[in-house]
Amino acid sequence: MQRFAELLEGLVFQPARNGKLRLIETYFREAPDPDRGYGLAALTSSLVFTQAKPALIRGLVEARVDPVLFGWSWDFVGDLAETVALIWPEEASPHPVPHLTEVVETLSTTGKVELPGVLMRWLDAMDATQRWALLKLITGELRVGVSARLAKTALANFGGVDVNEIEELWHGLAPPYLELFAWLEKRGEKPAVDGEASFRPLMLATALEEDETQGLDPADYMAEWKWDGIRVQLAARPGGQRRIFSRTGDDVGRAFPDILERMEFDAVLDGELLVVRGAEVAPFNHLQQRLNRKVVTKAMLTDYPAHVRLYDILRDGEEDLRGLGFEERRRRLEAWYARVRPERMDVSALVPFSSWEELKALREGARENGIEGLMLKRRDSPYLAGRPKGHWFKWKRGALTADTVLMYAQRGSGKRSSYYSDYTFGAWRDGALVPVGKAYFGFTDEELRQLDNWVRNHTTNRFGPVREVEPKLVLEVAFDSVHRSTRHRSGIAMRFPRVHRIRWDKPAEEADRVETLEKMVVE
Amino acid sequence: MTAMTQSTAPRSPASWLKIAPEGLCCAPGGFHIDPVQPVERAVITHGHSDHARPGHGSVLATPETIAIMQARYGDEFPTRYHALPYGEPIRLGEVSLTFAPAGHVLGSAQAALEHAGTRIVVSGDYKRRPDPTCPPFQPMPCDVFVTEATFALPVFRHPSDAHEIGRLLHSLEIFPERAHLVGTYALGKCQRVISLLRQAGYNRPIYMHGALLGLCALYERHGVPLGPLIHVTNQNKAELKGQIVLAPPSAHADRWSRALPDPVVAMASGWMRIKQRAKAGGIELPLVISDHADWDELDRTVDEVGAPEVWITHGREEALVHHLGKKGYRARALALVGFEEEGQ
Ligand SMILES: [Zn+2]
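Residues numbered from 1 in each chain as written. Chains lettered and ligands numbered in written order. Predicted model: local features only at pLDDT ≥ 70, side-chain atom pairs only at ≥ 80, totals over all residues. Heavy atoms only, no water.

**Q** What is the right way to look at the packing of aromatic side chains in this model?
**A** Given two aromatic rings, one states the distance between the centres and the angle between the planes to describe the pair. Enumeration over the complete set of coordinates arrives at 25 aromatic pairs over all chains. Their ring planes at 35 degrees and their centres at 4.9 Å tell us that Y126 of chain B and F137 of chain B sit as a pair that is tilted. One end of the pair, Y126 of chain B, is in the loop between β10 (118-122) and β11 (144-149); the other, F137 of chain B, is in the loop between β10 and β11, and 11 residues separate them in sequence. The burial state of Y126 of chain B is the same as that of F137 of chain B; both residues are buried. Cluster of aromatic residues (ring-pair linked, three or more members): F4, Y27, F28, F158 and F181 of chain A. Cation over ring: R309 of chain A sits above W227 of chain A, and NZ or CZ is 4.5 Å from the ring centre. (Phe/Tyr/Trp six-rings, centres within 6.5 Å; stacked < 30°, edge-to-face > 60°. Helix = DSSP H or I, 4+ residues; strand = E, 2+ residues; numbered from the N terminus. Buried < 20%, exposed > 50% of the residue type's maximum accessible area, 1.4 Å probe, protein only. Lys NZ or Arg CZ within 6 Å of the ring centre and 35° of its normal.)

**Q** Where do I start with the pairing of strand β16 (residues 466-469) of chain A in this structure?
**A** Residue and element names in this part refer to chain A. Alternating residues of β16 divide into R467 and V469, all buried, and V466 and E468, none buried. Judged from the 3 bridges that link them, strand β12 (residues 400-411) and β16 form a sheet pairing that is antiparallel. Of the residues in β16, the one forming a bridge with A409 is R467. Remark: 2 residues form the turn of the hairpin made by strand β15 (residues 459-463) and β16, two consecutive strands paired antiparallel; G464 in that turn has positive phi of roughly 55 degrees. (Pairing = 2+ DSSP bridges.)

**Q** Help me understand empty space enclosed by the protein, please; the structure alone is not making it clear to me.
**A** With a probe scaled to a water molecule rolled over the atoms, the places where space remains empty come into view. Taken as a whole and assessed by the stated rule, the structure comprises 4 cavities of 30 Å³ or more. Within this model, the second largest cavity holds a volume of roughly 90 Å³. As for the second largest cavity, its lining consists of E9, F13 and T129 of chain A together with H163, E164, R167, M272, R273, K275, P286 and V288 of chain B. Among the secondary structure elements, those contributing two or more residues to the lining of the second largest cavity are α1 (2-13) of chain A together with α4 (161-174) of chain B. (1 Å grid on protein atoms, 1.4 Å probe; cavity = no way out; pocket = protein on both sides within 12 Å on 5 of 7 lines; lining within 4 Å. Points joined across faces, edges and corners; volume = space filled by probe spheres on them.)

**Q** It is not clear to me how the domain arrangement of chain A should be interpreted in this structure. Could you clarify?
**A** By domain assignment, chain A separates into domain 1 (2-139), domain 2 (206-396) and domain 3 (400-518). Its C-alpha centre places domain 1 of chain A at a distance of 40 Å from the equivalent point of domain 3 of chain A. (Domains from an automatic or database assignment.)

**Q** Honestly, the pattern of salt bridges in this entry has me stumped. Any pointers?
**A** Residues and elements named next belong to chain A. Per the stated rule, a full pass over the model turns up 69 salt bridges over all chains. E185 is paired through a salt bridge with R36; the nearest N and O atoms lie 2.9 Å apart. Highlighted residues: E185 in the loop between α12 (178-184) and β1 (206-207) and R36 in helix α3 (residues 35-43), separated in sequence by 149 residues. Its relative accessible area of 30% is what places E185 among the partly exposed residues. (Salt bridge = Lys/Arg side-chain N within 4 Å of Asp/Glu carboxyl O.)

**Q** When you look at the sheet that holds strand β19 (residues 330-333) of chain B in this model, what are you seeing that I'm missing?
**A** Strand pairing in a sheet takes place through backbone hydrogen bonds and is either antiparallel or parallel in direction. Residue and element names in this part refer to chain B. The mixed open sheet is built from 7 strands, whose spatial order is β7-β8-β9-β10-β11-β18-β19. Because the sheet does not close on itself, it has two edges, and the strands there are β7 (90-92) and β19. Each strand of the sheet is rotated relative to its neighbour by a mean of 25 degrees, with strand direction disregarded. Examined bridge by bridge, β7 and strand β8 (residues 95-101) share 3 bridges and lie antiparallel to one another. Across the sheet, the residue bridging to I90 is L97, located in β8. Of the strands in this sheet, β11 and β18 (309-315) are in contact with helix α8 (residues 295-305), which crosses β11 at around 170 degrees. (Axes fitted to C-alpha atoms, helices over the stretch in contact; angles between N-to-C directions. Contact = heavy atoms within 4.5 Å.)

**Q** Is there a simple way to think about the pairing of strand β2 (residues 221-227) of chain A in this case?
**A** Along a regular strand, successive side chains alternate from one face of the sheet to the other. All names here are of chain A. Across the 7 residues that make up β2, a large majority, 7, are buried. Here 7 bridges tie β2 to strand β10 (residues 371-378), and the two strands are oriented antiparallel to one another. Bridging across to β10, K226 finds its partner in G373.

**Q** Looking at this model, I keep getting lost on the sheet that holds strand β3 (residues 31-33) of chain B. Mind explaining?
**A** Residue and element names in this part refer to chain B. Ordered by their spatial adjacency, 6 strands build an open sheet running β1-β2-β3-β4-β5-β6, and the pairing between neighbours is mixed. What marks the edges here is a single partner per strand, and that holds for β1 (18-20) and β6 (80-83). Going across the sheet, the axis of each strand differs from the next one's by a mean of 30 degrees, ignoring polarity.

**Q** Looking at this structure, how should I read the packing of helix α2 (residues 17-30) of chain A against helix α10 (residues 148-159) of chain A?
**A** Two quantities define a packed helix pair, namely the angle between the helix axes and the distance between the axes. Residues and elements named next belong to chain A. Where α2 contacts α10, the axes come no closer than 9 Å and their chain directions differ by 60 degrees. Between α2 and α10, the interaxial angle falls into the category oblique. Helix-helix and strand crossings are classified by hand; for α2 and α10 the assignment is right-handed. Between α2 and α10, the contacting residues are R17, K20, L21, I24, E25, F28 and R29 on the first element and L150, A151, T153, A154, L155, N157 and F158 on the second. Partitioned by chemical class, the residues of the contact of α2 with α10 number 8 nonpolar, 2 polar and 4 charged. (Parallel < 35°, antiparallel > 145°, perpendicular 65-115°, else oblique. Left-handed = near helix turned anticlockwise from the far one by under 90°. Nonpolar A, V, L, I, M, F, W, Y, C, P; charged D, E, K, R; others polar.)

**Q** Before we go on, may I ask you to explain the interface of chain B and chain A in this structure?
**A** The interface of chain B with chain A comprises 40 residues on the first partner and 40 residues on the second. Taken together, both faces of the contact between chain B and chain A bury some 3,400 Å²; the carbon and sulfur share is 56%. Interface area lost by chain B to chain A is led by R157, R258 and K275 of chain B, which between them contribute 20%. Between the two partners, chain B and chain A, sit 6 salt bridges. D66 of chain A is the salt-bridge partner of K326 of chain B, the closest N and O atoms lying 2.8 Å from each other. Along the contact surface separating chain B from chain A lie 14 residue pairs in polar contact (both at pLDDT 80 or more). Contributing elements (two or more residues each) for the side of chain B that touches chain A: α4, α7 (275-280) and α9 (317-326) of chain B. (Buried area = accessible area lost by both parts, 1.4 Å probe. Polar contact = N/O pair within 3.5 Å; in protein donor to acceptor, adjacent residues only side chain to side chain.)

**Q** Explanation requested: unusual backbone geometry in the structure shown.
**A** Among all residues save glycine, negative phi is the norm, and among peptide bonds the norm is trans. Following D33 of chain A, the chain continues into P34 of chain A via a peptide bond in cis, with omega recorded as -10 degrees. Mapping P34 of chain A onto the fold places it in the loop between α2 and α3. At D430 of chain A, a residue that is not glycine, the phi angle is positive and equals roughly 50 degrees. As for its position among the elements, D430 of chain A is in the loop between β13 (420-429) and β14 (432-439). A positive phi angle is found at H314 of chain B, which is not glycine, with a value near 65 degrees.

**Q** Any chance you could explain α10 of chain A here in plain terms?
**A** All names here are of chain A. When the terminal C-alpha atoms of α10 are compared, their 17 Å separation across 12 residues agrees well with the 16 Å that a helix rising 1.5 Å per residue should span. With respect to burial, α10 is a largely interior element, 10 of its 12 residues being buried. Taken residue by residue, α10 has A148, L150, A151, K152, T153, A154, L155, A156, F158 and G159 as its buried positions. Packed against the buried residues of α10 are α2, α3, α11 (163-170) and α12. Positioned one or two residues after α10, G160 has a phi angle of 65 degrees, which is positive. (Expected span 1.5 Å × (residues − 1).)

Written out as structure tokens, the structure is:
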């Protein structure tokens, strides 16, 4: 438990992706089998056991500690698990600190009745960091900023293999992954996985700039609309496994039972998850209502019906189609769809064109919901994992921009911890500035230095790591779209805002008004 | 004579040691303890700036604290001062005063005051765990114990120093290409972290922000060896991959830290126990190393000195008042003006 607890604690404070990777790799090197396999399972949310409710933990601590002191402490610390971990009385315990393996295996066979006694014994034996890690684990809320993909990437680095190899194996393996570690340490064969609805790493597109179409022959490419949803892979085996993977290989099926129940087929499909009502694609924030929910209510299923717009087929029955060219796969997809006709799914239409000019005009004309631009796919491209150059392109509509005024700046983290690098900007409404968004990229290192300097010299107020600045500097921000939002005072929220240009020249009074942004809202 | 003294009821402690606008005032002795405003005669428990302020008419403190104040205040330090070593009583008006080690920083002292048959111990800031840079806290039996309460919540239970230093050294192994920038207060924490590193067998040079060097030299003159220390300059800043660099707590947010190679930002402080505090400060490696007593140490110390009455100051008075009250002590808050939350 010691190493795992230290890993979690390190991850909580580590802001940088590379730093997190290094910590996880170190853990895989230092922790023994089978502990490290259970640690990996915890990071990838692959553990299943009876979870403890916060009320149970509170009950345990209040039986041990003066409730008044506990209450004050909780107010001060803020987080329940952390408070309990810190305040738990430390007395000599006859029990040794359990290994992570013992914790996981015991929890998987312990019912709700015995759970409090088991927890109590462990808490008595552990130190504060271990208690904190245990409580995070059993409440199912690690929140250490690690995706399953990141954990797998660390695993790939640890074993010196491509992360896609791990992705392909992943859903055929189970904790504590002894075979997998043996293979990665060159002590064993690569684990054999078949008959499983496993994840195939996705093929991704590169961005196409306006002037880059010149060298490309339009006859080599096919075009589709680029849908503003979530990329998913549907994988199903007859009479058994059905999975919906996100682009990073996370299994998101639990949030979309309305799709899962309709996956009565034997295939792997690539497509875009959308909320569709009638024939109309709803704005992206409607889809967000369906994400990251532990419980999917009936109302959500009715109000935000999920739909998958299919654009590729990777496996049809036993046949792996990834070696075929896109045009051929597309034919296979259409034939498959005509045969199977799954509900809540359709095939993404092709956009016929003969010249780049024609296609560009089509792209600019399409401003309806759900369309971000166009996808260009080479007719002869096989389905390749990763982001291979020259095969698939995304050709987005020009971004929207607005002139805003810098209001607050916050210090960054990691390499940016000595820079004010996160900017909150506002637009005018009734003569006052209202915050409309936050951006922390889009500028060069040199511009970051200049912005940081400006912030330090124009500070009017400080709140911890945040500085309020004189409302004088105009930032031209770019963003993909604007949506209504009840969570923001301005009533609107931007998608992908970034600093486009610093308008040192422009007076703040000439920045845009909130109304101007409201006109850009996609309803 | 003896019979006379015994028959005189001792005057209540609160009548001769009480709060005044300038700070804690002992009228029959004619002095203030750690006053927040300039006074005629100041008794200073230790050199931290919220206790040792400039501008007093005369100062009584331990020789080490006098040296620290002279180094910090230069010409502002009064010409009239008295350096009183630990354990030597001195008569001030109608009061006898003795210093005893507080284990907080070099020169830190508790002041034991005796008057009218009563003994009050003003402990200043203190801690109970071993510190290689200063002598340990010495419990003294008394009638009234005045205690700090910086970390007086039961969530504050500092882990062992060796464990925390071990975490720093482990991080150096994991990130050998990054400098490790450790924020420390200039007086006490800085020298303690260096000494703990040396105890852990770390003998390489430790790189120092210029603001910390003066007090390190002072510690060395007082017999605390710190090993090789190198001043960080603009010339060597970029070469500090895999090195430990000590700097004042705010330095990581300053432009000063920029040229350091991708620093791991660490901070040595008792507040680092609370994750949200560490995260809000942008700390990547929080080290829970404190010069103040934690909850268990406060509780144990009150039991050891055996004073039926405890006055609590400097921090979270209410929790300790509540807890000691339940244990049967007469505990109350000593509301001191002008003392800010000291950290570290
Ligand atoms: Zn102090």
